[in-house]
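A closer look at the structure
If you want the building blocks of each chain, they are given just below.
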Amino acid sequence: MTGAPARPLSATAPALVSLAGVGKAFDNGVVALQGVDLAVAEGEFLALLGPSGCGKTTVLRLIAGLDEPSAGAIAGQALAAREGGLGYVFQDATLLPWANVADNVFLPLRLAGVARRDADERIAAMLRLVGIDGFAGALPHQLSGGMRMRVAIARALVTRPRLLLMDEPFAALDEITRFRLNDDLLRLKHETGCTVVFVTHSVYEAVYLSTRVAVMSARPGRILREIAVDLPARRDDALRRDPAYLALCAEASAALHAALAGSPA
Amino acid sequence: MSRAARAGSAGARFAGWLLPGAVLAATLAAWEAFVALSGTPAYVLPAPSRVLRTLAADWPVLAPALGVTLRLTLAGFASAAAGGVLMGVALTRSRWAELAFSPYAVILQVTPLVAIAPILVIYAGVTATVYLSVFLVAFFPVLAATMAGLRAADPALSDLFRLYRATPAQRLFQLELPSAAPFIAAGVRTAGGLSLIGAVVAEFVAGAGGAGSGLAYRIVEASYRLNVPRLFASVLLICVAGLLIYAIVSVACAALVRRWRPQGG
């Protein structure tokens, strides 16, 4: 089948989650995914790159268990969102508008039955980690979009997940803010050691952040191409002008164009 | 908001009190002058000063009547607010319950209270009729607002609660009810305005005199006896009572939902 990965999947690390022949058709007849094969290796930063509406979000929702596949199998889905399970960052920060920053970060622990006084230290540590200590008492509407996203990331990380799923989290932010959050996200990933699956439609963001880019086709989505990003683990703004980085961007961009070929713009 | 705009809004608030006050003063002065200059007798049109003197003189009759009306209004209003929220929660828990009961909520709302009150009087007696009438007019706005509010929770937040395996109770108290709070507050404010109307209509229809009768009965009585100054005094009293209820409910609701601001900006 033509959708088979172009490169063998990383064989060194065990797969945390794997999708085999996964398809998803919705009740309204839309086929979002067809024959998706994808393995997420422990410790990697996987970018899911694809045109809008190609089912990238659906892949994340299936991994998270928010939707069930209509075909194929997912192993590792049992990673429920609990201690050491998975964290999910949505396109918008989706904070509780009536709760302050600390209470928003506390939410996953609160839902797990953790008492507030037992969580205070960890909440403070999370706020420091994402760089918003000092705003614990602020309400979401008092924060900028970038800071709200930082709160959402702190909330996703507060349960110390092994797997962090991120659905175009920086798409709505201005470029400078996005660059800063990109760098902070890389730092967070190294500090927490979690595995990240990051959905984006930006080629540059995908290559900058990830250790592997999976390019998806237009709907019905499947994995068209996988590109290993052999760039140093320590990345900073200088990388954005690095020829190796730009060559990978060109490769991913060509794959994305191939994904769009034959579909209306 | 800029300093100038803030000063402008403070000026607008000041004008918001000053201008209606000026209109009231001018109207009362013109009314007083007209009655004095034309020699209109008080049984046709009492001057404002005469209305105030009557209010003071008839206070021993009017105050207990106002007390009766207010007690029943507040009791009915409080029951309707609590009942509307509880019923709203119940109907949104079960699709079957909603299908079974929501048509009756609509029927009760569209049937004019004046038409139902005579029936209530037969079976419930005067006092209970007033209480039930207030309940009937105040219940529906709270119920409708609660149901709309409970359904207005952000779908992404709803996914987040699902991801973290929230129990139905956690979902209700930590997501749905807080999301519904601004809606419920708006419904309660509407209900507050309607509840005094409900009480007055019921007292008009029930029309029982005696020591335990409400203010609306005093209005009917004064009208039959052509005691026009007392008629005006009673209407003034009920108008002030309505304003007070509205102000108290508005301030209370605004204080309750002060934190509920939409995200963005």
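Residues numbered from 1 in each chain as written. Chains lettered and ligands numbered in written order. Predicted model: local features only at pLDDT ≥ 70, side-chain atom pairs only at ≥ 80, totals over all residues. Heavy atoms only, no water.

Per an unreviewed UniProt entry, chain B carries the name ABC transporter permease subunit and comes from Alsobacter ponti. The Subcellular location (unreviewed entry) comment attached to chain B in UniProt states, word for word, "Cell membrane". Per UniProt, the comment on chain B under Sequence similarities (unreviewed entry) is "Belongs to the binding-protein-dependent transport system permease family." (UniProt positions renumbered as here; feature names shortened; annotations may be inferred.)

**Examining the domain arrangement of chain B**
Residue and element names in this part refer to chain B. Domain boundaries assigned for chain B yield domain 1 (1-39) and domain 2 (42-256). Taken over C-alpha atoms, the centre of domain 1 sits 30 Å from the centre of domain 2. Facing the 5 residues of domain 1 at the interface are 6 residues of domain 2. Buried surface at the junction of domain 1 and domain 2, both sides included, amounts to about 480 Å², of which 73% is carbon and sulfur. (Domains from an automatic or database assignment. Contact = heavy atoms within 4.5 Å. Buried area = accessible area lost by both parts, 1.4 Å probe.)

**Focus: unusual backbone geometry**
Residues and elements named next belong to chain A. Cis geometry is adopted by the peptide bond preceding Pro-220, which originates at Arg-219 and carries an omega value of -5 degrees. Examined against the element boundaries, Pro-220 turns out to sit in the loop between β8 (212-216) and β9 (223-228). Despite not being glycine, Thr-94 has its phi angle at roughly 40 degrees, a positive value. Position of Thr-94 relative to the elements: it lies in the loop between β5 (86-89) and α2 (101-111). (Helix = DSSP H or I, 4+ residues; strand = E, 2+ residues; numbered from the N terminus.)

**Things to note about the interface of chain B and chain A**
The interface is formed by 23 residues belonging to chain B together with 31 residues belonging to chain A. Between chain B and chain A, a total of about 2400 Å² is buried, with carbon and sulfur atoms accounting for 59% of that surface. There are 1 salt bridge connecting chain B and chain A. For Arg61(A), the salt bridge identified is with Asp159(B), shortest N-O distance 2.6 Å. Inspection of the chain B/chain A interface yields 4 residue pairs in polar contact (both at pLDDT 80 or more). Secondary structure elements with two or more residues in the side of chain B that touches chain A: α6 (155-163) and α7 (168-206) of chain B. Among the elements that take part in the side of chain B that touches chain A, α6(B) stands out by supplying 7 residues, more than any other. Counted by class, the side of chain B that touches chain A contains 11 nonpolar, 6 polar and 6 charged residues. (Salt bridge = Lys/Arg side-chain N within 4 Å of Asp/Glu carboxyl O. Polar contact = N/O pair within 3.5 Å; in protein donor to acceptor, adjacent residues only side chain to side chain. Nonpolar A, V, L, I, M, F, W, Y, C, P; charged D, E, K, R; others polar.)

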